[in-house]
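Remarks on the overall topology
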Amino acid sequence: HRDLHLSLRRQRQMCIRDSYKGHPDISKVRKMLAHLELGNFDSIFEDFTDTSRFYDINMPYGTFISLEENKVSLKSGLERFEIESIDEVGYPDLLDYEGSQHVVISWWTYRLKEKKTDKRIKLSVHLQHTFDNDGKITSEISYYNGSLLE
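Everything in this summary refers to the structure shown in the same document. (Residues numbered from 1 in each chain as written. Predicted model: local features only at pLDDT ≥ 70, side-chain atom pairs only at ≥ 80, totals over all residues. Heavy atoms only, no water.)

**A short note on the overall build of the chain**
For the chain, the helix and strand inventory stands at four helices and six strands. Counting from the amino terminus, helix and strand elements in the chain follow one another as α-α-α-β-β-α-β-β-β-β. Residues classed as buried in the chain amount to 41% of the 150 residues present. Looking at the chain alone, contacts between residues at least 24 apart form 56% of all its contacts between residues at least 6 apart. Summed over its atoms, the accessible surface of the chain is roughly 8700 Å², and 51% of this surface lies on carbon and sulfur atoms. (Helix = DSSP H or I, 4+ residues; strand = E, 2+ residues; numbered from the N terminus. Buried < 20%, exposed > 50% of the residue type's maximum accessible area, 1.4 Å probe, protein only. Contact = heavy atoms within 4.5 Å. Areas by Shrake-Rupley, 256 points an atom, 1.4 Å probe, with all protein chains shown as cover.)

As structure tokens, this is what we get:
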């Protein structure tokens, strides 16, 4: 039986060189992915603002969806796919810009199984999360090969 602490511990163990490895923003991204992996849907978005924007490399350039639209999209994906695991790849980094924001960039491997066909998919994902001064996520940008999900 997996639990949230085991998943977070596994992700933390992989990050040994980053000077920001204990930064709260990196921890929030890891926690969000752990909730996603474990199916804790209501907890996935706890660190997002209500006005967060979600960008996806597979959408037309410059377009985004809202937090509520992203929740609907994710629920639809979770009806179609079982998440077998989400593994951190390499080390997340915190880009600390002067002014009012931080950006956490991270790399993940999602191991999915399509529920109808049992087809297994290994999806490489790069995420960028922008944080405001209050430590809330204001945007997410996702980079992955969407054709693998067709």
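**Focus on unusual backbone geometry**
The phi torsion at Asp118 lies on the positive side, around 65°, for a residue other than glycine. Inspection of the secondary structure assignment puts Asp118 in the loop between β4 (102–114) and β5 (120–131). Take Asp118: its relative accessible area is 47%, and that puts it in the partly exposed class.

**Concerning the pairing of strand β1 (residues 48–56)**
Each regular strand displays side chains that alternate between the two surfaces of the sheet. As defined by bridge partners, β1 adjoins strand β6 (residues 137–143) across five bridges and the pair is classed as parallel. Bridge pairing links Asp56 to Ser142 in β6. Here two bridges tie β1 to strand β2 (residues 65–66), and the two strands are oriented antiparallel to one another. Across the sheet, Arg53 pairs through a bridge with Ser66, a residue of β2. (Pairing = 2+ DSSP bridges.)

**A short note on the nonpolar core**
Ranked by internal contacts, the top residues of the largest apolar core, which has 26 residues, are Leu33, Tyr110 and Leu112. Of all the elements in the fold, those that place two or more residues in this core are α2 (24–38), α3 (41–44), β1, β3 (81–96), β4 and β5. Those residues within four positions of Leu112 in sequence are excluded, and the remaining contacts are Phe81, Glu82, Ile83, Glu84, Lys119, Arg120, Ile121, Leu123 and Leu149. (Core = buried A, V, L, I, M, F, W, Y, C linked by side-chain atoms within 4.5 Å.)

**Focus: the packing of aromatic side chains**
In this description, an aromatic ring pair is defined by two values, namely the gap between the centres and the angle between the planes. Scanning the entire structure with this criterion turns up five aromatic pairs. Ring geometry for Tyr55 versus Phe64: centroids 5.5 Å apart, planes at 50°, classification tilted. Residue Tyr55 is classed as partly exposed on the basis of its relative accessible area of 25%. Residue Phe64 is classed as partly exposed on the basis of its relative accessible area of 35%. Aromatic rings pair up to connect Phe41, Phe45, Phe48 and Phe54 into one cluster. (Phe/Tyr/Trp six-rings, centres within 6.5 Å; stacked < 30°, edge-to-face > 60°.)

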